[in-house]
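The residues making up each chain are set out below.
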Amino acid sequence: MEIEAAREVRTTCPYCGVGCGVLAKVAADGQVSVRGDPDHPANFGRLCSKGSALAETIDLDGRLLHPEIHGRRTGWNEALDLVASTFSQTIAEHGPDAVAFYVSGQLLTEDYYLANKLMKGFVGSANIDTNSRLCMASSVAGHRRAFGSDTVPGSYEDLELADLVVLVGSNLAWCHPVLYQRIAAAREKRPEMKIVLVDPRRTMTSDIAYMHLAIAPDGDVALFTGLLAWLGQHNALDRAYITAHTTGFGQALFAASALDLAAVAAATGLSEDELGRFYGLFAATAKTVTVYSQGVNQSSSGTDKVNAIVNCHLATGRIGKPGTGPFSVTGQPNAMGGREVGGMANMLAAHMEIENAEHRDRVRRFWSAPDIAQKPGLKAVEMFQGVADGRIKALWIMATNPVDSMPDADAVEAAIKACPFVVVSDVLASTDTVRHAHVRLPATAWGEKDGTVTNSERRISRQRSFLAAPGEARPDWWIIAEVARRMGFAEAFAHETPAQIFGEHAALSGFENDGGRDFDIGAYAGVDAVSYASLEPFQWPAPERAVQAEPPPEPVASTERHPIRFFASGHFYTADRKARFIAIRPITETRTTPDFPLVLNTGRIRDHWHTMTRTGKSPRLSQHIAEPFVEIHPADAQHHGIGDADIVRVSSPRGDVLVRALITPRQRQGGVFAPMHWTDQFAAKGRLDALTAPLVDPVSGQPALKHVAAHIERFAAKAFGFAVMRQKPERVDASYWAVARCRGGWRVELAFADATDWTAFAGSLFEAPSAEMLAYHDRDAGQHRIAAFDGEHLVGALFVAPGPVAVSRGWAVEQLEEVHASQRERFRIVAGRAGGERPDAGATVCSCFSVGANQIVAAVAAGCTTVEAIGDALKAGTNCGSCRSEIRALIQAGRVQAAE
Ligand SMILES: Nc1nc2c(c(=O)[nH]1)N[C@H]1C(S)=C(S)[C@@H](COP(=O)(O)OP(=O)(O)OC[C@H]3O[C@@H](n4cnc5c(=O)[nH]c(N)nc54)[C@H](O)[C@@H]3O)O[C@H]1N2
Ligand SMILES: Nc1nc2c(c(=O)[nH]1)N[C@H]1C(S)=C(S)[C@@H](COP(=O)(O)OP(=O)(O)OC[C@H]3O[C@@H](n4cnc5c(=O)[nH]c(N)nc54)[C@H](O)[C@@H]3O)O[C@H]1N2
Ligand code: SF4
Ligand SMILES: [Mo]
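Residues numbered from 1 in each chain as written. Chains lettered and ligands numbered in written order. Predicted model: local features only at pLDDT ≥ 70, side-chain atom pairs only at ≥ 80, totals over all residues. Heavy atoms only, no water.

Participant: How would you summarise the overall build of the protein chain if you had to cite specific residues and measurements?
Facilitator: Scanning the protein chain from N- to C-terminus turns up 30 helices and 36 strands. For the protein chain, the C-alpha radius of gyration of 27 Å lies close to 29 Å, the compact-globule estimate for 900 residues. The 900 residues of the protein chain split such that 62% are buried. A fraction of 71% describes how many contacts in the protein chain between residues 6 or more apart in sequence connect residues 24 or more apart. As displayed, the protein chain has an accessible area near 31,700 Å², and 52% of this comes from carbon and sulfur atoms. If you average the places of the 89 positive and of the 102 negative side-chain charges in the protein chain, the two averages end up 2 Å apart. (Helix = DSSP H or I, 4+ residues; strand = E, 2+ residues; numbered from the N terminus. Rg over C-alpha atoms; globule rule 2.2 N^0.38 Å. Buried < 20%, exposed > 50% of the residue type's maximum accessible area, 1.4 Å probe, protein only. Contact = heavy atoms within 4.5 Å. Areas by Shrake-Rupley, 256 points an atom, 1.4 Å probe, with all protein chains shown as cover. Lys, Arg positive; Asp, Glu negative; His and termini not counted. Charge placed at Lys NZ, Arg CZ, Asp CG, Glu CD.)

Quick look at the structure:
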């Protein structure tokens, strides 16, 4: 037999905006493995837990493999014809603004470019918006107000060169783990480097922080306007930079001076002493980078937060120089690419402005477009309101799951259900959004598709396919081009490869661009297939001309590894080429009420990605945190009568969820935090966005997803349960359930409002009528254990108790893969204290080597006092390193205990 040599393909991770290079290998037997690309300048070989587990997410389980109309399988021709004719007809009858596309930062640039071209140039409406509205819109708006363009000035290297890194509303350790690791490594080399974390919660990122400012929700505008005033008072300004390269400083400083330090302290919930120490540190450290993310963007004052931060950098001239700059880190793998193609309702293409007639004319001529959109379209929240009130009659959703991720998600779901025509392009056959589509279009997934993405430091990298497209799945760009052709725009959508699309996009960026527009990759205009195939990661700008025309070349390249930086010597993209200070007055807003007295803050966990459509497939990633939870401060928990591991109902005026209580002093008092990831596919009632409000930032239109008034109460469960089983349960008849993938099958956490017939319940859960059932019941104690066997193999086991079930999760999961040869062995599952004879590994900390918290605690007790020693003893933390901050926290907790 001939053995095929394994192929290794250079591609890019499809998760976060760090944009790590990945080497994917398909072995001769078809097994896929991945490792970090040592030559990629984003990660130099590193990958986090999610990147490392990519091979576990590419199976075909649950994939949408054929086009469907009203749930019926059909061929591409029929589906595409129906989409094209319905959109055309709707436009003919009701005008171009009666249709809309809702797209995603997870599309590749080529897909995104065509979607935007079709809507803005050929439909003639700007009703294309994207989940980036929920993610990056405030940064875009802030950049445009200050710089005249949506430019991220710096590079990742600046995070390593800085002496002070201020992380604002960013849980870098969990959400941009490889960047976090780069900073942690730099700090290990230069211990004088300091990190300040500004976050209402003490997240895992605080692990490397010199100072954690547990700011009050939305206190950021006050914090940074206070800083500007302080810099002014303490003579810590770069007057030369301000004079030469900026306008509006006087007004900004005047506005900032409206609050004195005591008022800033009141608005931020920080002490004057804390403020003084932070302000002094900032003033004294020339090499400062301020990194910010959703704690800044997802706010009703998001754009002001961005400009309050940018103001401080402009005032100190800390921009564009090595180790300096405001740095908005992007969430999705192609959030930046989406901005480059103008995929938002208020942008055009190639960083041109829809409000600018000259720009519209230029794009129209370049595209030979009949009907270029004349005005901005509906932004995400308005778009779904437009769907709800019937203004939008045909909607096409691509690569996003708004029924779970949009604020006021129940209203969004109702709008989608009522919309006359909904098309969804997705890779899965059943998500909370896909299930409402009239037409389902199967898209190729990561590993099957080709194109480019741009990461947070403006670096464009190739995603390359290494797997064949399954079933009839097709790339998103192909689907869009086919629909466009069928709508009568064949000439403008004649592209046959992603390379042709990228070449056109690059050409537009350079078209009539004499240096007046920041986004210019004209060097790649009309790139040929061969060059595109071997395209190396590059940072923009990459203009066609070697030397820019007057004004002098800008941005300047540094001498180190030649990263490109903007704005060291001014040359902003405003009319006078000066940056604008924005005068900002902080407004303090109280959203809580006596009925909803707590601030609900929402966000992410380390090992899950958004609505879990991919990470939910990985047993390793699903073990880190296996159910939805709410973090509550001990004082608030006590006040509301909530105990650890209780089930809690979190409600807002819009809806409620049922989640597990996690009581921790890491949470600020007066607020609670819950993750956004759980959907109807994974939990009984975990869709967090059913609670969030469609309240948006007035400038950017980005929703305030981190500040929602909420109420918590203990759910009075009569019984709790835990089960493991081979097959995913079809239906779970319990008030609370959360299902997660595990090795050998699935695990379910349960809680019940009333006791029930447990044997019958187990039967319905395992759906194995012919299985041998073994049971142990202690009715007085409310303890029940039921196991079902198929010969020597466990089909499922259910453990019920009156309080949170104490069985070892790790032990129970292992039983699924073990052989239970004798009746005696089988009976052990239900007899005695299940797994009691073996130590429980505890909640998974290290996903790569499946090491649990209890194992680490035991190793600490046995004398391992460093992360390295734990690594030597257990291997934990030695692969991707994403868990190193958690290991360090466990070591510290061990030390505290030892000292007590
Ligand atoms: N593991 C994982 N990584 C991801 C993702 C994922 O789903 N999972 N998604 C990616 C995407 S699309 C994005 S956008 C990024 C998001 O990355 P991050 O923004 O880092 O993540 P979040 O958890 O949404 O929010 C960050 C922090 O903001 C804090 N915060 C809340 N309110 C405030 C406030 O008023 N002020 C301040 N200063 N902080 C506040 C929260 O407590 C939280 O810790 O992550 C990306 N990376
Ligand atoms: N409460 C709360 N809500 C939030 C946030 C928050 O912090 N708090 N964060 C917001 C932010 S920043 C973001 S970015 C959003 C993310 O929210 P979503 O975009 O809704 O989340 P995903 O789960 O990433 O959805 C991606 C969808 O695309 C599908 N898909 C994957 N690959 C492809 C492909 O190649 N082609 C196609 N056509 N489909 C594909 C997946 O199966 C999935 O259904 O959530 C927002 N919502
Ligand atoms: S940090 Fe992790 S999730 Fe983000 S791109 Fe790198 S490997 Fe992927
Ligand atoms: Mo995002």
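Participant: Lay out the site of ligand 2 in plain terms, naming residues and giving numbers.
Facilitator: In the neighbourhood of ligand 2, 29 residues make up the surrounding shell, with Ser 405, Asp 426, Lys 449, Thr 611 and Asp 689 lying closest. In the model, an oxygen atom of ligand 2 is placed 2.6 Å from a nitrogen or oxygen of the Ser 405 side chain. The separation between an oxygen atom of ligand 2 and a polar side-chain atom of Asp 426 is 2.6 Å. In isolation ligand 2 exposes 920 Å². Once the protein is present, 99% of that is buried. Class assignment of the residues belonging to the shell around ligand 2 gives a composition of eight nonpolar, 15 polar and six charged. Per-domain counts for the shell around ligand 2 show at least three residues from each of domain 1 (77–132 + 343–511 + 519–539) and domain 3 (598–714). (Near = heavy atom within 4 Å. Polar contact = N/O pair within 3.5 Å; in protein donor to acceptor, adjacent residues only side chain to side chain. Nonpolar A, V, L, I, M, F, W, Y, C, P; charged D, E, K, R; others polar. Domains from an automatic or database assignment.)

Participant: Lay out the sheet that holds strand β17 (residues 451–454) with the relevant residues and their values.
Facilitator: The strand order across the open sheet built from three strands is β17-β18-β19, with neighbouring strands paired in antiparallel fashion. One side of each edge strand has no neighbouring strand; the edge strands of this open sheet are β17 and β19 (538–539). (Pairing = 2+ DSSP bridges.)

Participant: Lay out the packing of aromatic side chains with the relevant residues and their values.
Facilitator: As enumerated under the stated definition, the model contains 33 aromatic pairs in all. Their ring planes at 80 degrees and their centres at 5.0 Å tell us that Tyr 102 and Phe 384 sit as a pair that is edge-to-face. In this pair, Tyr 102 sits in strand β6 (residues 99–103) while Phe 384 sits in helix α17 (residues 380–388), placing the two residues 282 residues apart along the sequence. Owing to a relative accessible area of 3%, Phe 384 belongs among the buried residues under this scheme. With centroids separated by 6.3 Å and ring planes inclined at 75 degrees, the aromatic side chains of Phe 278 and Phe 282 adopt a geometry described as edge-to-face. Taken together, the residues span about one helical turn, with Phe 278 and Phe 282 both in helix α12 (residues 272–284) at a distance of four residues. With respect to burial, Phe 278 and Phe 282 carry one shared label: buried. (Phe/Tyr/Trp six-rings, centres within 6.5 Å; stacked < 30°, edge-to-face > 60°.)

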